[in-house]
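Given next are the chains, with one letter for each unit.
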Amino acid sequence: MYKGFLVDKSLLGKDIHFSESCGFCHKGNEKGSTRETAHKGLVTKPSRNLETCDKCHEDITKPFKTSLHFTTEGQRQGVSGRFSQKELKIFNEKVFEKSCKSCHASCGDCHIKAPIIGGVNTGLIKGHKFVKKDEGKTCALCHGGRVYPEFTGEYGGIADIHYQKGMVCVDCHKKEEMHGSSTAISKGRKEVTERPRCTNCHQTGQEKTEHGQTAHKTHKDRLSCYACHAGGTYRSCYDCHLGKGASAKPSFILGLNPRDKKTVTTLRVIPTVRDTFKPAGIAMESFDKLPNYWDTAPHNIRKRTERTRSCEVCHDEKKDFLTKELLLKNGSKANESLIYTPKPIKK
Amino acid sequence: MRKIKVSLFVLFICILFLPLASLARDVEPIVNTTWLEQNLNNPKVIIVDIRKVEEYKAGHIPNAVNIFYGSWAIMKGGLRNELPANDDLFDVIGSAGIGPDSIVVLVGKTDAIPDRTDITRVAWTLKYAGIPNIAILDGGYNKWMADKKPVSTDAPKPKATAFQTKPNENLFVKKDYVIKSMGKATIVDVREPDFYKGVKKLDFVAKTGRIPKAINLPTSQSYKPDGTFKDKAELMSAVSGAVGTDMTKEIITYCDTGKVCTGWSFLMTELLGYKNVKVYDGSSEEWTKDPQAPWEQ
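Small disclaimer: the values here were computed from a predicted structure and weren't measured. Counting from 1, residues in each chain are numbered in the order their sequence is written. Lettering for chains starts from A, numbering for ligands starts from 1, and both go in the order in which the items are written. Residue-level local features of this predicted model are given only where pLDDT is at least 70; pairs of side-chain atoms are given and counted only at 80 or more, and the full residue set underlies all totals for whole chains, interfaces and linings.

A. Broad picture of the overall build of chain B. By the criteria applied, helices consist of DSSP H or I runs no shorter than four residues and strands consist of E runs no shorter than two, each listed in order from the N terminus. Scanning chain B for helices and strands turns up 11 helices and 12 strands. Computed over the C-alpha atoms, the radius of gyration of chain B is 19 Å, within 12% of the 19 Å expected from 2.2 N^0.38 for a compact globule of 297 residues. For chain B, the spread of C-alpha atoms along the three principal axes comes to 55 × 45 × 35 Å. With C-beta atoms placed from the backbone, a residue is buried if 20 or more other C-beta atoms are within 10 Å of its own, exposed if 12 or fewer are, and partly exposed between those counts. Counting every position in chain B, which comprises 297 residues, the buried fraction comes to 45%. Residue pairs in contact within chain B that sit at least 24 positions apart in sequence constitute 77% of those at least 6 positions apart. Here the globule rule reads 2.2 Å times residues to the power 0.38, and the radius of gyration is calculated from C-alpha atoms. Working definition of a contact: two residues with C-beta atoms, positioned from the backbone, lying within 7 Å.

The structure is reproduced here in structure tokens:
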């Protein structure tokens, strides 16, 4: 018997949520004497309807309705620039509502039961206890393809310095960011004002070494922090829906940030290819408007990397910079605009 | 018969002098849960929990600091379980508040051999960094829990130190050194017999087989089923049976990645008194990538 679905009796007196009956959230028929009759009308995931939690937590559920975790609007915004108006309508109806949106998180996915990913169900987080946070059993699952294993070093072989120092997701990504701020996000996650910034904790000008001071001063507004401090390879996904399905491999790519075209940063390949939405009847008329590489914040930050140790790695060797030869075959025409060639240092 | 008698006499003499090996230390190399409980507030003792951050946060030994395994051994140059750069390693050691006079007690999981040897790899790395007083909690956090010892979720903030040292580079040897030492040093393959015999291999190791003339001494033979170490006499018997009783002879251990072999290396040097034990860090993962490196299948 799978024990994860049983509520531990010892919990009942300890958690205020259990002062209400099971039916308060899960509905069903509490007077039913058999499993079948008791489960009639049962709601297995009550928080999918935010009104369940609304009753007591309106201060949280109200802004949460606009958060990216709930709306998954970021997924739509990430790709909609490739569509004509007509295609966008088809995408919204056939793809977004039926596929992308199935990924959305609700209260219970983070506070009661770990989300099911790829059919793997790890069950209740702590025996139906309502937990404030448990990143390893929640964030780690939905973000387990790229961010989390990079953070812990399981992907790439070196952990993020913040994890090494005992920090986990919520130490940087505060609840205000997770829960939303009542402002509907229309352009994607970069628009979220509560996102963490390196400079919230690491002000430039406070470096302990002359090398660090000079490097930060010289590269101010020209490089993102990740460009130098990403510690190693991160996962890029390729060829989604290109006949064989997506594939992933380690990458480390430096180029211009497609959002400003002037800052050099780490780029990650996104898997949308020309025929990704062909099965839905979408040809992506504007495919070439958006690149296949997007700025990314690899979660494998290190104080020292080969680029912080040696200027030559970038300025002489031009290691890991995107070049015309390295561009994806049959990729977007917008990719070329991200190529940046570092100049040799004047001696 | 006479040969057996002589061997037994040599073994007896060795065991007799074993305590001398630990006299140079302020702590035994393997401590039990009772000792650690009595020393939880000893200001010289720094308990380092090397489990994952999430596991540590769920509960740990009171006053233990968390420096998870991936801080001590990284992927480098395509090889697993390599040393971080010295300045990064010194930052890690300093961030735990460890100084040359500290008594460092290492705690980890002991579910399986890779977990158990996470602990010995960190111990060997601290030895490389010149810390003399390193101890391993026998049976790790599993034993601490089994013995119903106190658990905390408060994370102490260690007083960071600026740690600098000249590492003992001889403790980790490179492939060229091992090749030159063949026929002179005793090379010990600590993998399980099927791996030593060439029946099995891990995916990332290019070929089945072993370094020619290597002796097989599986790391699993050093542990009891509950993850605690076997008694000293049993360990000595296993080691002396494999590599002999010459405490000064050079011994080089290897495994697949340079982690599991730190188990016997730590026990040989810190508990049993062998003076000249080295770890081949690249191990089979590196060795089998080189077609010129001698290898027998």
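B. Molecular detail of the overall build of chain A. Looking only at helices and strands, chain A has 17 helices and five strands in total. Taking the principal axes of its C-alpha atoms as reference, chain A extends roughly 85 × 55 × 40 Å. Burial analysis of chain A (347 residues in total) assigns 28% to the buried set. A fraction of 66% describes how many contacts in chain A between residues 6 or more apart in sequence connect residues 24 or more apart.

C. Quick look at helix 5 (residues 113-128) of chain B. Residues and elements named next belong to chain B. Expected span of a helix: the number of residues minus one, times 1.5 Å. Across its 16 residues, helix 5 extends 22 Å between first and last C-alpha, which sits within 8% of the 22 Å expected from 1.5 Å per residue. Extensive coverage of helix 5 is indicated by the burial of 13 of its 16 residues. Following helix 5 by one or two positions, Gly 130 has its phi on the positive side, about 85°.

D. Expanded view of the interface of chain A and chain B. Between chain A and chain B, the contact holds 11 residues from the first and 13 residues from the second. In this count, Pro and Cys sit with the nonpolar residues alongside Ala, Val, Leu, Ile, Met, Phe, Trp and Tyr, while Asp, Glu, Lys and Arg are called charged and the others, Gly among them, polar. Its residues assigned to classes, the side of chain A that touches chain B shows four nonpolar, six polar and one charged.

E. Geometry of the domain arrangement of chain B. Residue and element names in this part refer to chain B. Boundaries of every domain are those given by an automatic assignment or by a domain database. One can read the domain layout of chain B as domain 1 (22-146) and domain 2 (169-287). Distance between the C-alpha centres of domain 1 and domain 2: 21 Å. Between domain 1 and domain 2, the contact holds 23 residues from the first and 24 residues from the second. Broken down by secondary-structure element, the contributors of at least two residues to the side of domain 1 that touches domain 2 are strand 5 (79-82), helix 5 and helix 6 (140-146). Top element by residues in the side of domain 1 that touches domain 2 is helix 5. It accounts for nine residues. Classifying every residue of the side of domain 1 that touches domain 2 gives nine nonpolar, seven polar and seven charged.

F. Main features of the packing of helix 5 of chain B against helix 10 (residues 262-271) of chain B. Residues and elements named next belong to chain B. Note on method: axes are straight lines fitted to C-alpha atoms, helices fitted across the in-contact stretch only, with angles between N-to-C directions ranging 0 to 180 degrees. Viewed as axis vectors pointing N to C, helix 5 and helix 10 meet at an angle of 55°, and their least axial separation amounts to 8 Å. Compared by their axis directions, helix 5 and helix 10 come out oblique. Helix 5 and helix 10 meet at a crossing whose hand is left-handed. Along the contact surface, helix 5 presents Arg 116, Thr 117, Thr 120, Arg 121, Ala 123 and Trp 124, while helix 10 presents Thr 262, Gly 263, Ser 265 and Phe 266. The residue makeup of the contact of helix 5 with helix 10, split by class, is three nonpolar, five polar and two charged. Note on terminology: angles under 35 degrees are roughly parallel, angles over 145 are roughly antiparallel, angles of 65 to 115 are roughly perpendicular, and the others are oblique. When the near helix sits turned anticlockwise from the far one by under a right angle, the crossing is termed left-handed; a clockwise turn instead gives a right-handed crossing.

G. Representation of the sheet that holds strand 6 (residues 103-107) of chain B. Residues and elements named next belong to chain B. Any two strands between which DSSP finds at least two bridges are classified as paired. If you trace the five strands from one edge of the open sheet to the other, you get 1-7-6-2-3, paired in parallel fashion. In the strand order of this sheet, the two ends are held by strand 1 (30-31) and strand 3 (65-66), each with one partner. With two bridges joining them, strand 1 and strand 7 (residues 134-137) adopt parallel strand pairing. Following the sheet pairing, Ile 30 is matched in strand 7 by Ile 136.

H. Fine view of the pairing of strand 12 (residues 277-280) of chain B. Residues and elements named next belong to chain B. Where burial is concerned, the two faces of strand 12 agree: the one with Val 277 and Val 279 and the one with Lys 278 and Tyr 280 are both buried. Direction of pairing for strand 8 (residues 172-173) relative to strand 12: parallel, over a ladder of two bridges. Bridging across to strand 12, Val 173 finds its partner in Tyr 280. Here, the term right-handed applies to a crossover whose path from the first strand over the helix to the second runs clockwise when the strands point away from the viewer. In terms of handedness, the path from strand 11 (residues 251-254) via helix 10 over to strand 12 forms a crossover that is right-handed.

I. Region of the structure containing the nonpolar core. Nonpolar core, as used here: buried Ala, Val, Leu, Ile, Met, Phe, Trp, Tyr and Cys residues forming one set through C-beta atoms within 7 Å. Grouped together as the largest cluster of nonpolar side chains are 84 residues, with contacts concentrated most on Val 48, Ile 50, Val 104, Val 105, Leu 106, Val 107 and Ala 123 of chain B. By residue number, the principal contributor to this core is helix 5 of chain B, which donates six residues. Those residues within four positions of Ile 50 of chain B in sequence are excluded, and the remaining contacts are Ile 67, Phe 68, Tyr 69, Leu 106, Val 107, Gly 108, Asp 118, Ile 119 and Val 122 of chain B. Leu 254, Leu 256, Leu 322 and Leu 338 of chain A belong to the second-largest nonpolar core, a separate cluster that totals 15 residues.

J. Quick peek at the domain arrangement of chain A. All names here are of chain A. Domain annotation for chain A reports domain 1 (57-196) and domain 2 (200-347). A straight line from the C-alpha centre of domain 1 to that of domain 2 covers 23 Å. Residues belonging to the side of domain 1 that touches domain 2 are distributed by class as follows: 11 nonpolar, six polar and seven charged.

K. Up close: the sheet that holds strand 12 of chain B. All names here are of chain B. Across the sheet, which stays open at both edges, the five strands sit in the order 8-12-11-9-10 with parallel pairing between neighbours. On the outer flanks of this sheet lie strand 8 and strand 10 (215-216), each paired with one strand and no other. Inspection of the sheet shows strand 9 (residues 186-189) paired to strand 10 by two bridges, in the parallel sense. Its bridge partner lying in strand 10, Asp 189 is registered against Asn 216.

L. Molecular detail of the confidence of the model for chain A. Confidence of the predictor at the level of single residues is given by pLDDT, which spans 0 to 100. Per-residue confidence for chain A averages 91 on the pLDDT scale, and 97% of its residues sit at or above 70. Scored below 50 in pLDDT, residues 1-5 of chain A makes three contacts in the model with residues more than four places away or belonging to other chains.

M. Focus on the pairing of strand 9 of chain B. Residue and element names in this part refer to chain B. Alternating positions in strand 9 separate into two faces, Thr 186 and Val 188 on one and Ile 187 and Asp 189 on the other, with burial throughout. As defined by bridge partners, strand 9 adjoins strand 11 across four bridges and the pair is classed as parallel. Pairing of Ile 187 across the sheet is with Ile 252, part of strand 11.

N. How the structure looks around helix 10 of chain B. All names here are of chain B. Taken across its 10 residues, helix 10 has 10 buried, putting it largely inside the fold. By the burial criterion, the buried members of helix 10 are Thr 262, Gly 263, Trp 264, Ser 265, Phe 266, Leu 267, Met 268, Thr 269, Glu 270 and Leu 271. On its buried face, helix 10 is in contact with strand 1, helix 5, strand 9, helix 9 (232-243), strand 11 and strand 12. Where helix 10 terminates, the next one or two residues include Gly 273, which has phi positive at roughly 90°.

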